[in-house]
Amino acid sequence: MKVGKPEKLIVNGKRLDGRAFDELRPIKIKAGVLKRADGSCYLEWGKNKIIAACYGPREVHPRHLARPDRAILRCVYKMAPFSVKERKKPGPDRRSVELSKVITEALENVVFLNLFPRSAIDVYIEVLQAEGGTRCASLTAASVALADAGVPMKDLVAACAAGKVDGEIVLDLFELEDNYGEADLPVGIVPRTGEITLLQMDGNLTREEFEKALDLAIKGALQVYELQKAALKEKYGGENGGEQ
Ligand code: ADP
């Protein structure tokens with residue numbers, strides 16, 4: 001259920017939450033927050049609150065899914081019933097199936113799956129509170145959880161969206177902008193290689209607008225990347241190795 005449509009999304013050159021066009025919401029990332037998972041991450045991104053837990057490499061169940069030459073990666077995105085304004089019916093729906101798929105695909109070519117034949121790496125993502133942009137936030141958290149589990153990867157995947165709101169190209173849409181803006185462009189990147197592993201578009205953009213939004217989203221994702229690395233350094237670089 002959507003919240004009411006505001007008359008304008010940009011007032012006096014500022015967005016409704018007071019941000020400049022190229023400004024991210026505040027982001028906090030903490031690696032290794034769950035004792036029983038092999039790796040985990042808690043992330044707050046604006047009012048989004050997300051937990052990701054990684055298990056594996058481990059035995060594959062059901063066994064027929066096992067691949068002789070590599071591990072399988074399964075990311076499962078779920079929204080808690082209390083994560084949105086109107087209670088969300090628990091259980092899978094089209095949207096969570098789509099998000100699980102795109103998040104898995106965004107990480108599949110980054111993890112060195114060939115090192116773990118006949119095994120599975122699972123990442124469970126729980127959205128505790130949603131405020132727009134949960135796929136980018138979830139992908140960001142999932143990649144920190146994988147790194148925290150010690151799963152070998154080319155690099156972290158960092159994500160951020162840009163879009164068009166009241167005719168302006170803006171970074172990191174929050175819920176109202178996401179629901180009532182003209183376009184949303186979530187992007188996931190592998191900073192070390194320059195690859196783009198997530199690219200979706202909702203709404204319409206001209207070619208110039210698309211290029212501007214893509215450029216802005218990549219710049220946002222690079223800021224997110226620094227926060228991901230800092231979270232891992234905080235856990236592994238410090239004296240106490242982080243508490244769980
Ligand atoms: P993303 O979270 O990646 O932006 P969507 O564009 O599908 O994905 O969703 C935008 C936002 O709409 C979500 O972040 C959430 O705040 C809200 N939303 C999504 N699904 C629901 C739902 N079932 N009920 C209420 N709000 C929802």
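Our subject is the structure listed above.
Right, let's walk through the structure included here. Computed from a prediction, not measured in an experiment: that's the story for all the values here. (Residues numbered from 1 in each chain as written. Predicted model: local features only at pLDDT ≥ 70, side-chain atom pairs only at ≥ 80, totals over all residues. Heavy atoms only, no water.)

Things to note about the nonpolar core
Soluble, globular proteins show a tendency: their nonpolar side chains are buried together. What counts is decided by this rule: The criterion is simple. A nonpolar core is a set of buried Ala, Val, Leu, Ile, Met, Phe, Trp, Tyr and Cys residues joined through side-chain atoms within 4.5 Å. Burial here depends on accessible area, computed with a 1.4 Å probe over protein chains only, as a share of the maximum for the residue type. Under 20% is buried, over 50% is exposed, and the range in between is partly exposed. For the purposes of this entry, the term helix denotes a DSSP run of H or I that reaches at least four residues, the term strand denotes a run of E that reaches at least two, and both are numbered from the N terminus. A contact between two residues is defined here by any heavy atoms of the two lying within 4.5 Å.
Formed by 63 residues in total, the largest nonpolar core has its most connected members in Trp 45, Leu 73, Leu 107, Ile 121, Val 123, Ile 125 and Leu 146. Take this core: its biggest share by element is nine residues, from helix α4 (residues 207-237). For Trp 45, the residues in contact, after removing those within four places along its chain, are Leu 24, Arg 25, Pro 26, Ile 27, Glu 131, Cys 136, Ala 137, Thr 140, Ala 159, Cys 160, Asp 172 and Val 224. Of all hydrophobic cores here, the second largest spans eight residues; its members include Leu 9, Leu 173, Leu 176 and Tyr 180.

Some details on helix α1 (residues 94-108)
Let me state the cut-off plainly: Given the number of residues in a helix, its expected span is that number minus one, multiplied by 1.5 Å.
In this model, α1 (15 residues) spans 21 Å end to end at C-alpha, consistent with the 21 Å of a helix rising 1.5 Å per residue. Buried within α1 we find Ser 96, Leu 99, Ser 100, Val 102, Ile 103, Thr 104, Ala 106 and Leu 107. Here the buried face of α1 lies against β6 (72-79), β7 (119-129), α2 (134-148) and β11 (195-199).

Quick notes on the site of the ligand
We count it as follows: Being near a molecule or strand, for a residue, means having at least one of its heavy atoms within 4 Å of it. Here a polar contact is taken to be a pair of N or O atoms separated by no more than 3.5 Å, where protein atoms must pair a possible hydrogen donor with a possible acceptor and residues adjacent in sequence count only if both atoms sit in side chains. Each residue gets one of three labels, nonpolar for Ala, Val, Leu, Ile, Met, Phe, Trp, Tyr, Cys and Pro, charged for Asp, Glu, Lys and Arg, and polar for the others, Gly among them.
Taken together, 14 residues are adjacent to the ligand, and Arg 95, Gly 133, Thr 134, Glu 175 and Asp 178 come closest. At 2.8 Å from an oxygen atom of the ligand is found a main-chain nitrogen or oxygen belonging to Gly 133. Among the secondary structure elements, those contributing two or more residues to the shell around the ligand are α2 and α3 (175-180). Top contributing element to the shell around the ligand by residue count: α3, with three residues. Per-class residue counts for the shell around the ligand are four nonpolar, four polar and six charged.

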